[in-house]
Amino acid sequence: MYENLAAKYRPGNLTEVMGQEPIKQTLQNAVKLGRIAHSSVFYGPRGCGKTTIARILARTLNCHKPKDGVPCGKCPSCVEIAESKSLDVIEIDAASNTKVENVRDVIIENVEFAPSRDKYKVYILDEVHMLSDKAFNALLKTVEEPPKHVVFIMATTEQHKVPLTILSRSQCFRFRPISEPDIIARLKEITTAEKIKTEPEALKLIARAAGGAMRDAISLLDQLTCYGGDEITLAQVQGLLGAASSQIVGELVVRLAEKNIAQGLSMIANAVDSGADPRQLAREIVEYL
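Cut-offs used in this document
- Residues numbered from 1 in each chain as written.
- Predicted model: local features only at pLDDT ≥ 70, side-chain atom pairs only at ≥ 80, totals over all residues.
- Heavy atoms only, no water.
- Helix = DSSP H or I, 4+ residues; strand = E, 2+ residues; numbered from the N terminus.
- Buried < 20%, exposed > 50% of the residue type's maximum accessible area, 1.4 Å probe, protein only.
- Contact = heavy atoms within 4.5 Å.
- Areas by Shrake-Rupley, 256 points an atom, 1.4 Å probe, with all protein chains shown as cover.
- Lys, Arg positive; Asp, Glu negative; His and termini not counted.
- Charge placed at Lys NZ, Arg CZ, Asp CG, Glu CD.
- Core = buried A, V, L, I, M, F, W, Y, C linked by side-chain atoms within 4.5 Å.
- Salt bridge = Lys/Arg side-chain N within 4 Å of Asp/Glu carboxyl O.
- Axes fitted to C-alpha atoms, helices over the stretch in contact; angles between N-to-C directions.
- Parallel < 35°, antiparallel > 145°, perpendicular 65-115°, else oblique.
- Left-handed = near helix turned anticlockwise from the far one by under 90°.

Engineer: Just checking my understanding: could you explain the overall build of the protein chain for this structure?
Structural biologist: Scanning the protein chain from N- to C-terminus turns up 14 helices and seven strands. Dimensions of the protein chain along its principal axes, counting C-alpha atoms only, are 70 × 40 × 35 Å. Residues classed as buried in the protein chain amount to 46% of the 289 residues present. Pairs at least 24 apart in sequence give 75% of the contacts found in the protein chain among residues at least 6 apart. Accessible area of the protein chain: about 15,600 Å², with a carbon and sulfur share of 51%. A distance of 5 Å separates the average location of the 36 positive side-chain charges in the protein chain from that of its 36 negative side-chain charges.

Here's what the structure looks like:
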């Protein structure tokens, strides 16, 4: 079965994660010093590495043969966590388990039990802001005083919806959008490994369109490999995104400066008729300015 590029090239340790340097350094030091927080909240925009780093942290904590705080990637624990099969790392999609009954059944009633094999029982709660108020209240006591073998890692794109009672009992890490240079560097690594020829401007446009989300950039690259085969050009990316050429954008900005409304609207109409996405065109004008 075909493995998509985002899954195939998912980072296996913190050094492979692009961006988020302060967070990576803090977590690496915490692991080395044995000072891992019993509860952490990862918040920030989508596709910037929250769940990926949560899984890596779980592997690091439970790896049987870590080296300098880096998981080996080969022991049974590392392999099972990577494949989402570990009994001691429980991933919960809060969007699908919003009710208090779900929290009781999955977490509260099982949290006291020791890990089946590894050192820690790690709960990764994705989109945690989707939990109901009653579910948060039920979770609060467990987060406040968990057993020593339990670690909670909560990820959210909407930190303001997480109760302050939960945030105040957790270490909070703000994830930022991945920079375009970092996204381009990662895309180059993947295209080199996959032996895909790419035009430099094509990768720049993919990174710009991703808006700081590494996952979106790699997914778009994956889509382009189906569209363009073993070679990806700027024209292909523009066609897929509905992006206008830099020449059209430049001329539009000139018409704006000249306050030539008629010609400007005519150029926009022609660009849209040729397949350009109006929202993408607006973003490119802002980027150009």
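Engineer: Where do I start with the nonpolar core in this structure?
Structural biologist: It is characteristic of soluble globular proteins that their nonpolar side chains tend to be buried jointly. Core analysis: the largest hydrophobic core is formed by 45 residues, its most contacted members being Leu27, Phe42, Val122, Ile183, Leu187, Ile206 and Val237. Of all the secondary structure elements, the ones that give two or more residues to this core are helix H2 (21–33), helix H3 (50–62), strand E3 (121–126), strand E4 (150–156), helix H8 (180–193), helix H9 (200–210), helix H10 (214–228) and helix H11 (234–241). Apart from residues lying up to four places away in sequence, isoleucine 183 is in contact with Ile178, Ala207, Ala210, Gly212, Ala213, Met214 and Ala217. Leu125, Leu140, Val143 and Met154 belong to the second-largest nonpolar core, a separate cluster that totals 22 residues.

Engineer: I'm lost on the pattern of salt bridges in this one. Help?
Structural biologist: It is possible for side chains bearing opposite charge to pair when their charged atoms get close. Within this structure, the stated rule accounts for 14 salt bridges. Of the charged contacts in the structure, one is a salt bridge between lysine 141 and glutamate 145, with a shortest N-O distance of 3.8 Å. A single burial state applies to lysine 141 and to glutamate 145, both of which are exposed. The salt bridge involving arginine 279 is made with aspartate 277; its shortest N-O contact spans 3.7 Å. Judged by relative accessible area, which is 61%, arginine 279 ranks as exposed. A single network of salt bridges, built from pairs that share partners, joins Glu80, Arg117 and Asp118.

Engineer: Just to check I follow, could you spell out the packing of H9 against H11 for this structure?
Structural biologist: The axes of two packed helices give the description: the angle between them and the distance between them. With their axes 8 Å apart at the nearest point, H9 and H11 run at an angle of 25 degrees to one another. By the criterion of interaxial angle, the relationship of H9 to H11 is roughly parallel. The handedness of the crossing between H9 and H11 comes out as left-handed. Mapping the contact onto sequence places Glu201, Ala202, Leu205, Ile206 and Ala209 in H9 and Leu234, Val237, Gln238 and Leu241 in H11.

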